Amino acid sequence: TVALFAGVAQADGLQGKVVGFSQIGSESGWRAAETSVTKLQAEERGIDLKFADAQQKQENQIKAIRGFIAQGVDAILVAPVVATGWDAVLQEAKDANIPVILLDRGVDASEDLYLTSVASDQVKEGRVAGEWLVNTVGDKDCKIVELQGTVGSTPAINRKQGFEEAIAGKANLTIARSQTGDFTRSKGKEVMEGFIKAENGGKDICAVYAHNDDMAVGAIQAIKDAGLKPGTDILVVSIDAVPDIFAAMVAGEANATVELTPNMAGPAFDALDAYLNGGTVPEKFIITESKLYTPADNPQGEYDTRKGLGY
Ligand code: GYE
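Structure report, in brief. Here the structure is a predicted model, which is why all the values come from computation and not from measurement.

Spatially, six strands are ordered β7-β6-β8-β9-β10-β12 in an open sheet, and the strand pairing comes out mixed. Each edge of the open sheet carries a strand with a single partner, namely β7 (173-180) and β12 (292-293). With two bridges connecting them, strand β10 (residues 256-259) and β12 associate as antiparallel partners. Across the sheet, the residue bridging to Val258 is Leu292, located in β12. Of the strands in this sheet, β6 (142-148), β8 (207-210), β9 (235-240) and β10 are in contact with helix α7 (residues 213-225), which crosses β9 at around 155°.

Pasting the structure below:
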């Protein structure tokens with residue numbers, strides 16, 4: 001399980017520790033990969049991982065975290081579905097002396113309520129996607145439609161912001177329509193169908209910016225169903241770098257993606273190990289990379305490398 005997970009510690013400092021993991025659900029291919037990688041990382045380190053799937057509901061996450069606290073786990077990982085509403089439960093974990101590590105999304109809560117956060121720079125992801133589009137369309141007029149992630153989640157807020165920053169001041173690029181597709185393939189397709197109907201059967205749309213690859217894959221299907229060519233008639237740019245978007249690139253139907261590693265648990269467990277066994281307080285924000293991929297970057301090879309790695 002090589003390159004993607006470089007940095008897997010061989011240390012067994014967390015051997016026998018009990019860690020609760022409150023996962024959001026399984027809305028996307030990326031999410032499924034993060035879940036498998038977290039389980040794999042725990043297994044390799046001898047951690048007893050208590051996994052709880054919240055099925056997209058914050059109340060389920062809060063319940064799960066309270067359950068972990070009651071069980072007296074050694075640490076808690078949480079991928080917070082939305083940004084707000086965490087203060088009380090994080091305070092409860094703190095009062096119980098249980099370190100909490102945030103994975104892949106952020107919270108609007110005091111930083112002293114969690115040990116560290118392992119996530120990408122989501123504003124940057126949006127900016128990288130937007131800069132790619134700016135450079136690709138040049139002086140041409142370009143009407144963009146945007147598929148947003150889950151309402152109130154930090155990746156939806158930040159990826160929107162970064163993209164808008166990148167196209168700011170470019171009068172030829174405008175976001176004509178923007179709606180949530182909840183990070184899912186089916187919602188991405190459904191919302192894109194609506195955009196196509198509203199925009200002259202899709203003929204007025206120059207590009208779709210999706211906050212994740214799954215929504216982009218759904219949008220690609222909607223574009224094809226409308227008799228247009230994704231990747232040519234309508235440019236497709238998104239975020240995550242899951243195998244299916246590389247397959248779409250191979251088929252000429254997707255144009256750019258920004259990579260998000262599914263290995264958030266590796267750095268999280270390293271930080272936890274250093275904290276519990278070495279008394280080292282980690283950086284508050286551990287930031288993963290945001291690399292751009294286009295069809296020029298060997299999409300078949302990227303597909304082959306990723307397929308099977310938890311996706
Ligand atoms: O990009 C998307 C997902 O929270 C950053 O959540 C993550 C996002 C990821 O389901 O596919």
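What follows is about the nonpolar core. The biggest cluster of nonpolar side chains holds 27 residues, and the ones touching the most others in it are Leu147, Met192, Phe195, Ile205, Val208, Ile223 and Ile234. Of all the secondary-structure elements, those providing two or more residues to this core are β6, α6 (185-198), β8, α7 and α8 (243-250). A per-element tally of this core places α7 first, with seven residues. Residues in contact with Leu147, not counting those within four places in the same chain, are Gln179, Gly188, Val191, Met192, Phe195, Val208, Tyr209, Ala210, His211, Met215 and Ala219. Core analysis: the second largest hydrophobic core is formed by 24 residues, Trp30, Ala75, Leu103 and Phe269 among them.

Moving on, we get to the site of the ligand. As a matter of local geometry, the ligand sits amid 13 residues, with Glu27, Asp104, Arg105, Arg159 and Asp240 nearest to it. Contacts to the ligand include Glu27, whose side-chain N or O atom sits 2.4 Å from an oxygen atom. Protein contact buries 100% of the 300 Å² of open area that the ligand shows by itself. Going through the elements one at a time, α1 (29-45) and α5 (154-167) are the ones with two or more residues in the shell around the ligand. Of the residues in the shell around the ligand, the class split is four nonpolar, three polar and six charged.

Time to look at the sheet that holds strand β3 (residues 75-78). In space, the six strands of this open sheet follow the order β2-β1-β3-β4-β5-β11, with parallel pairing throughout. Pairing within the sheet leaves two strands with one partner each, and these edge strands are β2 (48-53) and β11 (285-288). Along the sheet, successive strands turn relative to each other by an average axial angle of 15°, direction set aside. As paired strands, strand β1 (residues 18-23) and β3 are joined by four bridges and run parallel to one another. Opposite Gly20, over in β3, you have Ile76 as the bridge partner.

To continue, consider the packing of aromatic side chains. Within this structure, the stated rule accounts for three aromatic pairs. Judged by centre distance (3.9 Å) and plane angle (10°), the rings of Phe163 and Tyr209 are stacked. Of this pair, Phe163 sits in helix α5 while Tyr209 sits in strand β8, placing them 46 residues apart in sequence. Judged by relative accessible area, Tyr209 falls into the buried class, the value being 0%. One cation-aromatic arrangement involves Lys284 over Tyr114; the distance from NZ or CZ to the ring centre is 5.2 Å. Cation over ring: Arg306 sits above Tyr293, and NZ or CZ is 5.4 Å from the ring centre.

Cut-off values and rules
Residues numbered from 1 in each chain as written. Predicted model: local features only at pLDDT ≥ 70, side-chain atom pairs only at ≥ 80, totals over all residues. Heavy atoms only, no water. Pairing = 2+ DSSP bridges. Helix = DSSP H or I, 4+ residues; strand = E, 2+ residues; numbered from the N terminus. Contact = heavy atoms within 4.5 Å. Axes fitted to C-alpha atoms, helices over the stretch in contact; angles between N-to-C directions. Core = buried A, V, L, I, M, F, W, Y, C linked by side-chain atoms within 4.5 Å. Buried < 20%, exposed > 50% of the residue type's maximum accessible area, 1.4 Å probe, protein only. Near = heavy atom within 4 Å. Polar contact = N/O pair within 3.5 Å; in protein donor to acceptor, adjacent residues only side chain to side chain. Areas by Shrake-Rupley, 256 points an atom, 1.4 Å probe, with all protein chains shown as cover. Nonpolar A, V, L, I, M, F, W, Y, C, P; charged D, E, K, R; others polar. Phe/Tyr/Trp six-rings, centres within 6.5 Å; stacked < 30°, edge-to-face > 60°. Lys NZ or Arg CZ within 6 Å of the ring centre and 35° of its normal.

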